[in-house]
Amino acid sequence: MKKDTIVANATPLIPSAVGIVRISGEDALKIGKQIFTLPQEIQERKAYFGKILDLDGSVLDEGLFIYFKAPKSFTGEDVVEIYPHGSVPVIKKIIENVITLGGRLANPGEFTYRAFLNGKIDLTQAEAIADLISAKTEKASKAAVRLLEGKLSEKINSLRETLLNLISLIEAEINFPEDVEEIDSQLIVENLLKVKKSIDKLVGSYKKGSLIKEGIKLAIVGRPNVGKSSLFNAMVGYERSIVSSYQGTTRDFIEETLKIKDIPIILLDTAGIRETAEYVEKLGIERSKQKIEEADIILFVIDGSQGFTDEDKKIYDEIKNKIHIIVINKADLITKPLDIFEKSDNIIYTSSVTFQGIKDLEEKIIEILGITETEDEIIINLRHYTLLKQAIEKIEKVVENIDFLIENKEILMLDLQEVLNYLEEIVGHITTEDVLGNIFSKFCIGK
Ligand code: GDP
Ligand code: ZN
């Protein structure tokens, strides 16, 4: 079946020095030749300078033209790239003309989808392109680049090989019980545990991966006047939140993003949680409570000069089951450590006046998140994470029931096949249309 030819701008539609219009499909060159002044015979992968033509032959712009002959192109199909100046009306006109000449506007991610279908990239690499485009931090883009380089696929593929070996041994035994030695359950368990260990490590990196990708929500919580807004300012580094010596000034929440070790931190200053009749403040407090629910870490602030009051205790009881750090603020006003919490590693003394403890607090946050510098693969994609978890669960079941399964090799085979399938799904060897649709719809047009 003939694949239609798709077109899209490959750069954001904003005025810029250069734009790129990308055309992919069997008619790419035929259409391209009608809208660009080219020599009779052109070579692939060579930039031609010339005039970009409107359909009536008039000149729209001048620029470059490159032809990538199938299969040596991003999509694996014939691809033409036209580089006009980055004028939005010109780019739109070129695309319009390509469509008039038989092309079709590409769907989001359709270029990458075709690259995947043509075997140019596997699914993790396709997803990496989307991750890279949407990466908000350097760390997130580095993780995506490693995906794009196929590092995760390499790892998954070596695990697949181990499983395939096991499966073929068992298959041989089922089919030729006379000719091959009986397989030892110990060998199966050993190999499975080896595979599981690698997957465990990948799964363990997901939390870190999603934190790197999305940022960490940190809510500053405490009764009025303990110094929440001052702490917020000390961490953000400038006067952003309203600091006041009157209670209840921060009526709503205030958010600011900062970075600690290249991890985006979304810091939230909440209104004091306390009973109040005042409507506006109550509204702020309701919203604060909701924000606290969504937070990854709570900074529970108390006023060190006043100790742990009953009101503090009430608030503490509300948040103590969440991941939290106890911040004893106004440390500049206290002379000896407070003896209020039995024992906790997560107590930091701070002062928003002298800035004492602010650095320690930041380091504690990173410590709690368990983020360490490694060059290992980081899972940043929920789909990969889910499939890996399923693989682990299945492996655990097989190991648990190995005595039964070794006597029932057909079932054992099916179980191992299932583990294998989860891994295959990650790299995209087995994938349903739904999954593909879901993955590629997240792309922007032109990729
Ligand atoms: P919030 O209601 O919890 O947001 O508290 P604020 O940040 O508005 O601070 C209440 C009062 O405490 C203000 O007068 C601040 O200047 C003061 N304050 C805040 N942090 C410190 C601190 O570390 N040391 C001292 N001495 N005063 C502080
Ligand atoms: Zn405040």
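Parameters at a glance
- Residues numbered from 1 in each chain as written.
- Chains lettered and ligands numbered in written order.
- Predicted model: local features only at pLDDT ≥ 70, side-chain atom pairs only at ≥ 80, totals over all residues.
- UniProt positions renumbered as here; feature names shortened; annotations may be inferred.
- Buried ≥ 20, exposed ≤ 12 C-beta atoms within 10 Å, placed from the backbone.
- Helix = DSSP H or I, 4+ residues; strand = E, 2+ residues; numbered from the N terminus.
- Pairing = 2+ DSSP bridges.
- Contact = placed C-beta atoms within 7 Å.
- Expected span 1.5 Å × (residues − 1).
- Bend = angle between axes of the 7 residues up to and from the residue.
- pLDDT = per-residue confidence, 0-100.
- Axes fitted to C-alpha atoms, helices over the stretch in contact; angles between N-to-C directions.
- Parallel < 35°, antiparallel > 145°, perpendicular 65-115°, else oblique.
- Left-handed = near helix turned anticlockwise from the far one by under 90°.

Labelled according to an unreviewed UniProt entry, the protein chain appears under the name tRNA modification GTPase MnmE, originating from Sulfurihydrogenibium azorense. Looking at the protein chain in UniProt, the text filed under Sequence similarities (unreviewed entry) is "Belongs to the TRAFAC class TrmE-Era-EngA-EngB-Septin-like GTPase superfamily. TrmE GTPase family."

Undergrad: What's the story with the pairing of strand E12 (residues 297-303) in this structure? I'm lost.
TA: Two faces, one strand: in a regular strand the side chains alternate between the faces of the sheet. Within E12, six of the seven residues are buried, which leaves the element mostly enclosed by the surrounding structure. Across four bridges, the pairing between strand E9 (residues 216-221) and E12 is parallel. Bridging from a neighbouring strand, Ile220 pairs with Leu299 of E12. Pairing analysis gives six bridges linking E12 to strand E13 (residues 324-329), with the strands arranged parallel. When the bridges of E13 are listed, Ile302 appears paired with Ile328.

Undergrad: Looking at this structure, I do not really get the environment of Asn421. What am I missing?
TA: As for its position among the elements, Asn421 is in helix H14 (residues 409-427). A sequence separation of 261 residues divides Asn421 from Arg160, and the C-alpha atoms of the two residues are 9.1 Å apart.

Undergrad: Is there a simple way to think about the UniProt feature "binding site: (6S)-5-formyl-5,6,7,8-tetrahydrofolate" (unreviewed entry) in the protein chain in this case?
TA: UniProt feature "binding site: (6S)-5-formyl-5,6,7,8-tetrahydrofolate" (unreviewed entry): in the numbering of this structure it lies at Arg22, Glu81, Lys120 and Lys447. When you line up the elements, Glu81 lands in strand E6 (residues 79-83). Leave out the neighbours within four places in its chain, and Glu81 touches Ile20, Arg22 and Ile66. Within the secondary structure, Lys447 sits in the segment after helix H15 (433-440). Among residues more than four places away in sequence, those in contact with Lys447 are Gly109, Phe111, Thr112, Ile129 and Ile133.

Undergrad: What should I look at first to understand helix H7 (residues 185-214) in this one?
TA: The periodicity of an α-helix, 3.6 residues per turn, causes residues three or four positions apart to be oriented the same way. With 30 residues, H7 ought to run about 44 Å at 1.5 Å a step, and its terminal C-alpha atoms sit 43 Å apart, in line with that. At Tyr206, H7 shows its largest kink, close to 30°. Taken residue by residue, H7 has Ile188, Leu192, Val195, Lys196, Ile199, Leu202, Lys208, Gly209, Leu211, Ile212 and Lys213 as its buried positions. One or two residues past the end of H7 sits Gly215, with phi positive at roughly 90°.

Undergrad: What exactly am I supposed to notice about the confidence of the model for the protein chain here?
TA: For any part of a model where pLDDT is low, the fine detail of the predicted coordinates should not be relied upon. In the predicted model, the protein chain carries a mean pLDDT of 84, and the fraction of residues at 70 or more is 87%. Interface confidence for the predicted complex, expressed as ipTM, amounts to 0.98; the pTM equals 0.59.

Undergrad: Any chance you could explain the sheet that holds strand E14 (residues 347-349) here in plain terms?
TA: Strand pairing in a sheet relies on backbone hydrogen bonds, with the paired strands running either antiparallel or parallel. Pairing in this open sheet of six strands is mixed, and the strands run E10-E11-E9-E12-E13-E14 from one edge to the other. Only two strands of the sheet have a single neighbouring strand rather than two, namely strand E10 (254-260) and E14. When the angles between neighbouring strand axes are averaged without regard to direction, this sheet yields 25°. In the packing of helix H11 (residues 358-369) onto the sheet, the strands contacted are E9, E10, E12, E13 and E14, and the crossing angle to E13 comes to about 170°.

Undergrad: Any chance you could explain the pairing of strand E3 (residues 21-24) here in plain terms?
TA: Here E3 shows a buried face lined by Val21 and Ile23 and a second buried face lined by Arg22 and Ser24. Sheet analysis places strand E1 (residues 6-9) next to E3, joined by four bridges and oriented antiparallel. By the bridge assignment, Val7 is partnered in E3 with Ile23. Relative to E6, E3 runs antiparallel, the two sharing four bridges. Following the sheet pairing, Val21 is matched in E6 by Ile82.

Undergrad: Hey, could you run me through the environment of Glu377 in this one?
TA: If you trace the backbone, Glu377 turns up in the loop between H11 and helix H12 (382-400). Through-space distance from the C-alpha of Glu377 to that of Lys155 is 8.9 Å; in sequence the pair is 222 residues apart. The contacts of Glu377, once residues within four sequence positions are left out, are Arg146, Lys151, Leu152, Lys155, Leu202 and Ser205.

Undergrad: Sorry if this is basic, but what is going on with the packing of helix H6 (residues 151-175) against H7 here?
TA: Helix-helix packing is characterised by the crossing angle of the two axes and by the distance between the axes. Between H6 and H7, whose axes approach to 10 Å, the crossing angle comes to 165°. Comparing the axis directions of H6 and H7 gives the class roughly antiparallel. Crossing angle aside, the handedness with which H6 passes H7 is left-handed. In this structure, H6 contributes Lys155, Leu159, Thr162, Leu163 and Leu166 to the contact, and H7 contributes Ile188, Asn191, Lys194, Val195 and Ser198.

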